[in-house]
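# Observations on the three-dimensional arrangement
Listed here are the chains, written in short residue letters.
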Amino acid sequence: DVEKQTAGEDLHMELLPEEGEAMSTLRSRADALEQTYGVSIFIGEECRTSFYDFEADIITDYEYISGGLDTLDRALRNYPTGFFSQIKYGSVQGIRIYLVQNVRATDEERHGGSYNAFVNEDWDHCYMVMDITQTNEHSYYHEISHVIDRYLQWDSSNREGALYSEEAWNSLNPDSFIYAYSYGEEYFNFDYGLYGSSFIDGYSTTYPTEDRARVMEYSMMPYSDHYFYEGSGLYEKLAYYSRCIRDAFDTVHWEEELLWEQYLS
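Our subject in this report is the structure included herewith. (Residues numbered from 1 in each chain as written. Predicted model: local features only at pLDDT ≥ 70, side-chain atom pairs only at ≥ 80, totals over all residues. Heavy atoms only, no water.)

## So, the pattern of salt bridges
Here is the rule we go by: By convention in these notes, a salt bridge is any Lys or Arg side-chain nitrogen within 4 Å of a carboxyl oxygen on Asp or Glu. When a residue's accessible area, from a 1.4 Å probe over protein chains only, is under 20% of the maximum for its type it is buried; when over 50% it is exposed; and in between it is partly exposed.
Inspection of every chain in the model, using the stated rule, returns 18 salt bridges. Between Glu34 and Arg27 there is a salt bridge, and its shortest N-O distance comes to 3.1 Å. Looking at Arg27, the relative accessible area reads 17%, which means it is buried. For Arg150, the salt bridge goes to Glu121, with nearest N and O atoms at 2.9 Å.

## Re empty space enclosed by the protein
Put simply, the test is: Definitions used throughout: a 1 Å grid over protein atoms alone; a cavity as a set of points that fits a 1.4 Å probe which cannot get out; a pocket as an open set with protein on both sides within 12 Å along at least five of seven lines; a lining residue as one with an atom within 4 Å of a point. Grid points are joined across faces, edges and corners, and a volume is the space filled by probe spheres set on the points. Note on conventions: DSSP H or I runs of at least 4 residues are helices, E runs of at least 2 residues are strands, and numbering of each starts at the N terminus.
Enumeration according to the criterion identifies one cavity of 30 Å³ or more in this entry. For the largest cavity, the calculated volume is near 40 Å³. Forming the boundary of the largest cavity are Val39, Leu76, Phe84, Ile87, Ile95, Ile97, Met128, Ile144 and Val147. Among the elements of the structure, β4 (95–105) and α3 (137–158) are those that each provide at least two residues to the lining of the largest cavity.

## Comments concerning unusual backbone geometry
The residue Asn102 is not glycine, and still its phi comes out positive at about 55°. One can find Asn102 in strand β4. Phi is positive for Ser176, which is not a glycine, with a value near 75°. Ser176 sits in the exposed class, given a relative accessible area of 69%.

## A few points about the nonpolar core
Nonpolar side chains tend toward joint burial in soluble globular proteins. Inclusion rule: Buried Ala, Val, Leu, Ile, Met, Phe, Trp, Tyr and Cys residues that are joined via side-chain atoms within 4.5 Å together make up what is termed a nonpolar core. Between two residues, a contact is recorded if the distance between any of their heavy atoms is within 4.5 Å.
Grouped together as the largest cluster of nonpolar side chains are 61 residues, with contacts concentrated most on Phe83, Phe84, Tyr140 and Ile245. Beyond its immediate sequence surroundings of up to four residues, Phe83 is in contact with Ile148, Ile245, Phe249, Trp254 and Trp260. Core analysis: the next-biggest nonpolar cluster, separate from the first, contains eleven residues, Phe51, Val103, Ala105 and Val129 among them.

## Digging into the environment of Pro208
Note on placement: Pro208 falls in helix α6 (residues 208–219). Overall, Pro208 belongs to the buried group, its relative accessible area being 6%. Along the primary structure Pro208 and Asn170 are separated by 38 residues, whereas in three dimensions their C-alpha atoms are 8.1 Å apart.

## Considerations on the packing of α3 against helix α7 (residues 233–248)
To characterise two packed helices, one gives the angle between the axes of the helices and the distance between these axes. Worth spelling out the cut-off: Axis definition: a line fitted to C-alpha atoms, over the contacting stretch in the case of helices. Angles run 0 to 180 degrees between N-to-C directions. Crossings are sorted by hand: turned counterclockwise from the far helix by less than a right angle, the near helix makes the crossing left-handed, and turned clockwise it makes it right-handed. Ten residue types, Ala, Val, Leu, Ile, Met, Phe, Trp, Tyr, Cys and Pro, are classed as nonpolar, four, Asp, Glu, Lys and Arg, as charged, and the remainder, Gly among them, as polar.
Interhelical geometry of α3 versus α7 gives an angle of 65° and a closest axis separation of 11 Å. Of the two possible hands of crossing, α3 and α7 adopt the one that is left-handed. Two secondary-structure elements touch here, α3 through Ser145, Ile148, Asp149, Tyr151, Leu152 and Asp155 and α7 through Tyr241, Cys244, Ile245 and Ala248. Across the contact of α3 with α7, the residue classes break down as seven nonpolar, one polar and two charged.

In structure tokens form, the structure reads like this:
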């Protein structure tokens, strides 16, 4: 009601930069994050849109990309200094992160669905594709765990005495449990009474990689103590996987307790 007499403050207006200036500003921010964390970040027209079994669209919206970089920064800072620079295995010598939108599957099993993010690799790099209109900080934790998983599997195949093994992980599951090895709808019928203390949710039962990603994702959240209570299957999984990470990485300059170890104290 413009006629009504009220007390208040003047609205503050802030002009967004012009398109060319905007992308230059965002690119400078991405460059700074690259230097800080040891990853490669692609935004706007720099991004790929075709990734084997997935496709994505380029996004050039200033606010979305700016927010995506903020989220990425908040997530990456929770890993030890130099962490990502250590993830080199086989021909893979770096990590690329693509900030895009409308991620969708093209393979038959997943066709028709929309996806927030995924991880894959080319011959010389591992890459994360993130839909910044859908993902949040915890999406990065989930996808980064897939990158860690690839590194641990390679390390265990090439270093004698490596702690990580698929057999050891499977031994932490309930007797007779078998992963679905599918993203079909059967995981919606998750039996919390039978498996609740060993899995975060039904999605964790699709593949062991998704199980570990869920464990790592939730371990970095501030409200997950009811999942990782001592004596539970999830506690044992988190404890084992944390030991595997420390076993495979150079931890000389790491903190005594990392964020994903907070529930093991």
